[in-house]
Amino acid sequence: DQNENCCCFIGRLLCSRTSRIPRRRNGSRRSDGRSVLIVFTLREKADVTFIRPISARYMHDKEVEHYDKESANAEKRQGS
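Bear in mind that the values here come from a model prediction, so they are computed numbers and not experimental data. (Residues numbered from 1 in each chain as written. Predicted model: local features only at pLDDT ≥ 70, side-chain atom pairs only at ≥ 80, totals over all residues. Heavy atoms only, no water.)

### Quick look at the overall build of the protein chain
Each helix and strand counted, the protein chain has 2 helices and 4 strands in total. Its helices and strands in sequence order give the protein chain the pattern α-β-β-β-β-α, from N to C terminus. Taking all 80 residues of the protein chain together, the buried fraction comes to 12%. (Helix = DSSP H or I, 4+ residues; strand = E, 2+ residues; numbered from the N terminus. Buried < 20%, exposed > 50% of the residue type's maximum accessible area, 1.4 Å probe, protein only.)

### Looking at the packing of aromatic side chains
A complete count under the given rule lists 0 aromatic pairs for this structure. In this structure, R34 packs its charged tip against the face of Y58, placed 3.5 Å from the ring centre. (Phe/Tyr/Trp six-rings, centres within 6.5 Å; stacked < 30°, edge-to-face > 60°. Lys NZ or Arg CZ within 6 Å of the ring centre and 35° of its normal.)

### Some remarks on the confidence of the model for the protein chain
For the protein chain, mean pLDDT is 76; residues scoring 70 or higher make up 75% of the total. Here residues 1-10 is modelled with pLDDT under 50, and outside its nearest four sequence neighbours on either side it reaches 9 contacts, counting other chains as well. (pLDDT = per-residue confidence, 0-100. Contact = heavy atoms within 4.5 Å.)

### Quick notes on the pattern of salt bridges
Opposite charge on two side chains allows them to pair when their charged atoms are near. As enumerated under the stated definition, the model contains 4 salt bridges in all. Linking R25 and E70 is a salt bridge whose minimum nitrogen-to-oxygen distance equals 3.8 Å. One end of the pair, R25, is in strand 2 (residues 23-29); the other, E70, is in helix 2 (residues 61-79), and 45 residues separate them in sequence. (Salt bridge = Lys/Arg side-chain N within 4 Å of Asp/Glu carboxyl O.)

### Focus: unusual backbone geometry
Trans is the prevailing form of peptide bonds, just as negative phi is the prevailing case for residues other than glycine. The phi dihedral of A46 is positive, around 55°, even though this residue is not glycine. Of note, A46 is situated in the loop between strand 3 (35-45) and strand 4 (48-58). Positive phi, normally seen in glycine, also occurs at D47, with a value near 60°. In this fold, D47 is placed in the loop between strand 3 and strand 4.

### What about the environment of H60?
For H60, the position within the fold is in the loop between strand 4 and helix 2. When its relative accessible area of 52% is taken as the criterion, H60 is described as exposed.

### Describing the pairing of strand 2
Across a regular strand the side chains alternate sides, sitting on one face of the sheet and then on the other. With 6 bridges joining them, strand 2 and strand 3 adopt antiparallel strand pairing. Bridging from a neighbouring strand, R25 pairs with V39 of strand 3. Taking the residues between adjacent antiparallel strands as the criterion, strand 2 and strand 3 are bridged by 5 residues, where G33 takes a positive phi near 95°. (Pairing = 2+ DSSP bridges.)

### Describing the pairing of strand 4
Direction of pairing for strand 3 relative to strand 4: antiparallel, over a ladder of 10 bridges. Note that in strand 4 the partner of V36 across the bridge is Y58. The loop that links strand 3 with its antiparallel partner strand 4 comprises 2 residues; one of these, A46, has a positive phi angle of about 55°.

Okay, structure coming up:
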């Protein structure tokens, strides 16, 4: 189902002191194994939701460790 794939990408909601627009982040791995962090907002226009990227960069080692732990915990919660 297309909506299930979309939900996997939505990521964790971030709080921003400088903006009232909710930002989300998502970590992922490229095919070469490098981890990438993406920060984005969801915008709606004429009943269509668009993804507006704010930032995309490679993760630092500590971020990769945190993301791996967070992903493992999420998988455990889904399996329970």
